[in-house]
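Secondary and tertiary structure notes
Each chain, letter by letter, is given below.
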Amino acid sequence: MEKQKILYDSGNELAAYAAGQINYHVMGYYPITPSTQIAENLDLAGADGKHDIRLIAAEGEHSAAGICYGASVGGGRVFNATSANGLLYAIEQFPVQSGTRFPMVMNVACRTVSGPLCIKGDHSDIMYMLNTGWIILFADEPQAVYDMNLLGLKLAEAVSLPVAIAFDGFYTSHQKRKCLVFADNAVVQNYIGAKKGSVDILDLAHPVTIGSYMNEPDILNNKYQLHLAMEEAKKLFPELFSEYNNLSGRQYSCCKGYHYEDAEIILFLLGSAYHTAMEAVDILKKEGIAAGVITLSVLRPFPGKELAGLCGNASVIVAADRQDSYGAGGGNMSLELKACLQEAGSKARVISRVYGLGGQDFFLEDAICLFREGLEKSSPAFSYYGIVKGKGTHPQPDYFAPVTETDAKKEITTCTYDPSTGKMQVKGGLVRETTAMPARLAPGHGACPGCGIPVNVNLLLRGIEGNIVLLFQTGCGMVVTTSYPKTAFKIPYLHNLFQNGAATLSGLVEIFHQRQKRGEYPKGDITFIMVSGDGGMDIGMGSALGTALRNHGLIIFEYDNGGYMNTGYQLSYSTPMGAKSSTSHVGSTQYGKTFFHKDMPEIMAATHIPYVATVAESNPSDFIKKAAKAAAYAKEFGTAYVKALSACPLNWNDTPNTERSVIAAAVDCCYFPLYEVEQGITGLNYNPEKAGKKIPVTDWLGMMGRTRHLTKETYHEITDKIQKEVDRRFEKLKARAENPLL
């Protein structure tokens, strides 16, 4: 055995620790709860020079999977981590990885698949991986997460297949345990061995084509070879586990059990619940019940023969799944168990139970109850365990009166389009007059103190009269306002995922017009607004651009808080250069985010939509007038895009009562200039130079803890770059405002 040391860490931390010891070449990733800590911990270790892994923050999981594939094709060792809908978003890339036979390792902190949105842990995501051609290991405790990350890479490279290592989100991923890790990184690297591969696209002396178009029988042969690789993996497991046991003193197997040898009733389940079920077995044995429990460490290749062997002569097996294969009478593991028992000639009665969805805790009492259900001869063959009967009230009670068109017609602003100037003329819109506008968002919210989201959403809605339908992408704004069964909205509201909000709203807009056209819906106007933030215009940029290019009549409103805030503040493409976040740490080899902030208004303007504007809570009158303009443009001409800089005191590391001045400083240093682009013509609404209020960008950076380190002399080269880029962008903006042809 090699020398080891004790760590008190979670599964996520141990996955990152193992990856650092392996020293992968590249990690392509995108933040998603509950797997995000893996990238965060790797970035922190990298900032301190503990590994050389190149972490690449993609704009979405699909691209993260593409980054990983490209790096693996280039002969590198590649790593990823994801969960839930992130896994599903990338899923079409996974058969590409396996079908072209390039090894890599991906950790999956298992979580509920939306919708409705739920971030808690169950197994509904990993089961989508079963048919992708990946080897799938399942870790039931943090120690196994560490060990399987080492075993997994060695196996992946031995059979040229990618490996997924799954574990329970928020249980195994976050709960800390005392674990052993190898004290010397060299031991890990010697165990893994040198990277071997028969194909390398960077071998220019022997050029290859990867991913060719195939017809039959070539594609059949390809898939058969993938099947053979899985069979080879199955044969390698005993040797692999034995070798690792000699190295670490920890013995693994494809499946394992507790008191299963003489059990008359067995509970079969995956993950951390196995340990809870072991305690139940001890209690039942004292009652004279011959109970046992079994679990799997390997899902693919499926160890059917070994699993059937563990079931022995049990007369009843309760197969408990943390997901359902809807309509099949059981979750995926239940179905696989039944198949392998039938092949083995077992006469055992199998009853299937779906439990623990959405992260519902699995207690000792629950395990005992599942055993007792199995002992009842009248128990149904399939059922859900732990469901709670609703109150039977439908529809849900109204917590407040809805805001109708009549309520919201206050004639605070009037917008008239002037063809001679190509601009929308706005009259009214004084801040004091907008207090007459009814609040569509109920007072009080669950956001952090000082959060800019409700401030900015309310300012936007103050300037828009009449009927409104809102769509929120996933993010803090959505989470803090719609905790089931209540809602904070007095108007119709829809949620869809980060990457598809704009497209979803465009479909709603068009069905509205189609139903009116066919006489199925009354005449009248509705202003449709998509609200995006927390990095939603990174992963959702493609959807937003497609919507803009089609020019649907809607408003895209972005509250830009400069990060992925609802996942704990990871860098986004709009995070300021040099800012520290949980995936852009400051250390001896890293100074924070390494690239400039994305200029989303300019990107949207390049689609030639009718209206683009920037707004700030520090200039509320300007904000309200632009909101009214955006609504007028959306009704008459097509897509309007409005962006607000939105404060996040928790992650900006400043204080709630200073946020308006922080936002004002961002405007005055020209980091966030206030302007609009109407029908392709740029207008600068506020020039801090002419107002005598222009300040250096370091004055703004120094107001926030996330960027205060940049004011030190050590980082003057970075702040010089930021200042030059901010000045360059503002000079271009001024030039366009002075020349309508630009």
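Everything discussed here concerns the structure shown above.
A few points on the structure. If you're wondering where the values come from, they're calculated on a predicted model, not measured in any experiment. (Residues numbered from 1 in each chain as written. Predicted model: local features only at pLDDT ≥ 70, side-chain atom pairs only at ≥ 80, totals over all residues. Heavy atoms only, no water.)

Per the counting criterion, the structure on display carries 7 cavities of 30 Å³ or more. There is about 60 Å³ of room inside the largest cavity. Surrounding the largest cavity, Leu441, His445, Ile453, Pro454, Val457, Phe472, Gly477, Val480 and Thr481 form its lining. Element by element, the count of residues in the lining of the largest cavity is highest for helix 13 (residues 452-462), at 3 residues. Within the lining of the largest cavity, the residues separate by chemical class into 6 nonpolar, 3 polar and no charged. (1 Å grid on protein atoms, 1.4 Å probe; cavity = no way out; pocket = protein on both sides within 12 Å on 5 of 7 lines; lining within 4 Å. Points joined across faces, edges and corners; volume = space filled by probe spheres on them. Helix = DSSP H or I, 4+ residues; strand = E, 2+ residues; numbered from the N terminus. Nonpolar A, V, L, I, M, F, W, Y, C, P; charged D, E, K, R; others polar.)

For the rest of this paragraph, the subject is helix 10 (residues 304-311). Buried residues of helix 10: Gly304, Leu307, Ala308, Leu310 and Cys311, and no others. Down the axis of helix 10, the buried set is contained in an arc of 155°. They therefore lie on one face. In helix 10, the exposed residues that point more than 90 degrees away from the buried face are Lys305 and Gly309. Summarising the contacts, the buried residues of helix 10 are in contact with strand 9 (255-258), strand 10 (265-268), strand 11 (291-296), strand 13 (316-321) and helix 11 (332-344). (Buried < 20%, exposed > 50% of the residue type's maximum accessible area, 1.4 Å probe, protein only. Arc of directions from axis to C-beta. Contact = heavy atoms within 4.5 Å.)

On to the sheet that holds strand 6 (residues 135-138), then. The strands making up a sheet are joined through hydrogen bonds of the backbone, oriented either antiparallel or parallel. Spatially, 7 strands are ordered 3-2-4-5-7-6-12 in an open sheet, and the strand pairing comes out mixed. In this open sheet, the two strands that pair with only one neighbour each are strand 3 (54-57) and strand 12 (298-300). Each strand of the sheet is rotated relative to its neighbour by a mean of 20°, with strand direction disregarded. Pairing analysis gives 4 bridges linking strand 2 (residues 26-29) to strand 3, with the strands arranged parallel. Residue pairing across strands places tyrosine 29 opposite alanine 57, the latter belonging to strand 3. Strand contacts of helix 3 (residues 61-73): strand 2, strand 3 and strand 4 (78-82), with the helix running at about 165° to strand 4, the strand carrying the most contacts. (Pairing = 2+ DSSP bridges. Axes fitted to C-alpha atoms, helices over the stretch in contact; angles between N-to-C directions.)

Think of an α-helix as turning once every 3.6 residues; residues three or four places apart then point the same way. Over its 18 residues, helix 6 (residues 142-159) extends 26 Å from the first C-alpha to the last, a length consistent with the 26 Å expected when each residue adds 1.5 Å. The largest bend in helix 6 amounts to roughly 25° and is located at methionine 148. Among the 18 residues that make up helix 6, 17 are buried, leaving the element largely enclosed by the rest of the structure. Downstream of helix 6 by one or two residues, serine 160 has phi in the positive range, about 55°. (Expected span 1.5 Å × (residues − 1). Bend = angle between axes of the 7 residues up to and from the residue.)

Attention now moves to the pattern of salt bridges. Evaluated as defined, the whole model comprises 23 salt bridges. As a salt-bridge pair, glutamate 243 and lysine 154 come within 4.0 Å of each other at their nearest N and O atoms. Here lysine 154 lies in helix 6 and glutamate 243 lies in helix 8 (residues 218-248), a separation of 89 residues in the sequence. With a relative accessible area of 33%, glutamate 243 lands in the partly exposed category. For lysine 598, the salt bridge is made with aspartate 538, and the minimal N-O distance between the two is 2.5 Å. (Salt bridge = Lys/Arg side-chain N within 4 Å of Asp/Glu carboxyl O.)

Before going further, it helps to examine the packing of helix 1 (residues 11-22) against helix 2 (residues 36-47). Relative orientation of the contacting elements helix 1 and helix 2 amounts to 45°, with a least axis distance of 8 Å. By the criterion of interaxial angle, the relationship of helix 1 to helix 2 is oblique. Where helix 1 crosses over helix 2, the two elements pack in a sense that is right-handed. Residues Asn12, Glu13, Ala15, Ala16, Ala19 and Gly20 of helix 1 form the contact with helix 2, whose participating residues are Gln37, Ile38, Asn41 and Leu42. Split into classes, the residues belonging to the contact of helix 1 with helix 2 amount to 5 nonpolar, 4 polar and 1 charged. (Parallel < 35°, antiparallel > 145°, perpendicular 65-115°, else oblique. Left-handed = near helix turned anticlockwise from the far one by under 90°.)

Right, let's get into the pairing of strand 13. With 6 of its 6 residues buried, strand 13 lies for the most part within the structure. Going residue by residue along strand 13, you find Val316, Val318 and Ala320 tucked away on one face and Ile317, Ala319 and Asp321 tucked away on the opposite face as well. Pairing analysis gives 4 bridges linking strand 10 to strand 13, with the strands arranged parallel. Bridge pairing in strand 13 links isoleucine 265 to valine 316. Examined bridge by bridge, strand 13 and strand 14 (residues 349-354) share 6 bridges and lie parallel to one another.

Per the counting criterion, the structure on display carries 22 aromatic pairs. Note on tyrosine 355 and phenylalanine 362: the rings are 4.9 Å apart at their centroids and 55° apart in plane angle, and the pair reads as tilted. There is no split in this pair, since tyrosine 355 and phenylalanine 362 are both buried. Taking the centre distance of 6.0 Å and the plane angle of 85° together, the rings of phenylalanine 382 and tyrosine 384 count as edge-to-face. Exposure remark for tyrosine 384: the relative accessible area of 29% places this residue in the partly exposed category. Through successive ring pairs, a cluster of aromatic residues spans Tyr146, Phe182, Tyr191 and Tyr244. Above the face of the tyrosine 191 ring, lysine 154 is positioned so that its terminal group lies 4.9 Å from the ring centre. (Phe/Tyr/Trp six-rings, centres within 6.5 Å; stacked < 30°, edge-to-face > 60°. Lys NZ or Arg CZ within 6 Å of the ring centre and 35° of its normal.)

Before going further, it helps to spend a moment on the layout of surface pockets. Considering only enclosed or pocket space, the largest pocket measures out at about 1600 Å³ in volume. Lining the largest pocket are 49 residues; nearest its centre among them are Gly115, Pro116, Leu117, Cys118 and Tyr484. Broken down by secondary-structure element, the contributors of at least two residues to the lining of the largest pocket are helix 14 (476-479) and strand 19 (493-496). A total of 3 residues in the lining of the largest pocket trace back to one element, the largest contributor, which is strand 19. Grouping the amino acids of the lining of the largest pocket by side-chain chemistry returns 27 nonpolar, 16 polar and 6 charged. Around the second largest pocket, the lining comprises 29 residues; the ones closest to its centre are Gly99, Thr100, Arg101, Phe102 and Ile210.

This part covers the packing of helix 13 against helix 19 (residues 620-636). Each pair of packed helices can be described by the angle between their axes along with the distance between the axes. Where helix 13 contacts helix 19, the two axes come as close as 7 Å, and the packing angle between them is 55°. Considering the angle they form, helix 13 stands oblique to helix 19. The hand of the helix 13/helix 19 crossing is right-handed. Every residue of helix 19 that contacts helix 13 at Asn456, Leu459 and Leu460 is listed here: Pro620, Phe623, Ile624 and Ala627. Among the residues making up the contact of helix 13 with helix 19, the classes are represented as 6 nonpolar, 1 polar and no charged.

Judged by pairing direction, the sheet is mixed, and its 8 strands sit side by side in the order 19-18-20-21-25-24-26-27 without closing on themselves. The sheet is open, and its two edges are formed by strand 19 and strand 27 (681-684), each paired on a single side. Each strand of the sheet is rotated relative to its neighbour by a mean of 20°, with strand direction disregarded. Note: strand 21 (residues 555-560) against strand 25 (residues 640-645), 6 bridges, orientation parallel. Paired with glutamate 558 across the bridge in strand 25 is lysine 643.

Here we come to a nonpolar patch on the surface. A cluster of nonpolar residues, Val199, Ile201, Leu202 and Val208, forms a patch on the protein surface that exposes about 320 Å² of accessible area. Along the chain, valine 208 turns up in the loop between helix 7 (185-192) and helix 8. Classification of valine 208 as partly exposed rests on a relative accessible area of 38%. (Patch = residues over 30% accessible without salt bridge, like charges linked within 9 Å, V, L, I, M, F, W, Y side chains within 5 Å. Areas by Shrake-Rupley, 256 points an atom, 1.4 Å probe, with all protein chains shown as cover.)

Any functional reading would require information beyond the geometric quantities listed.
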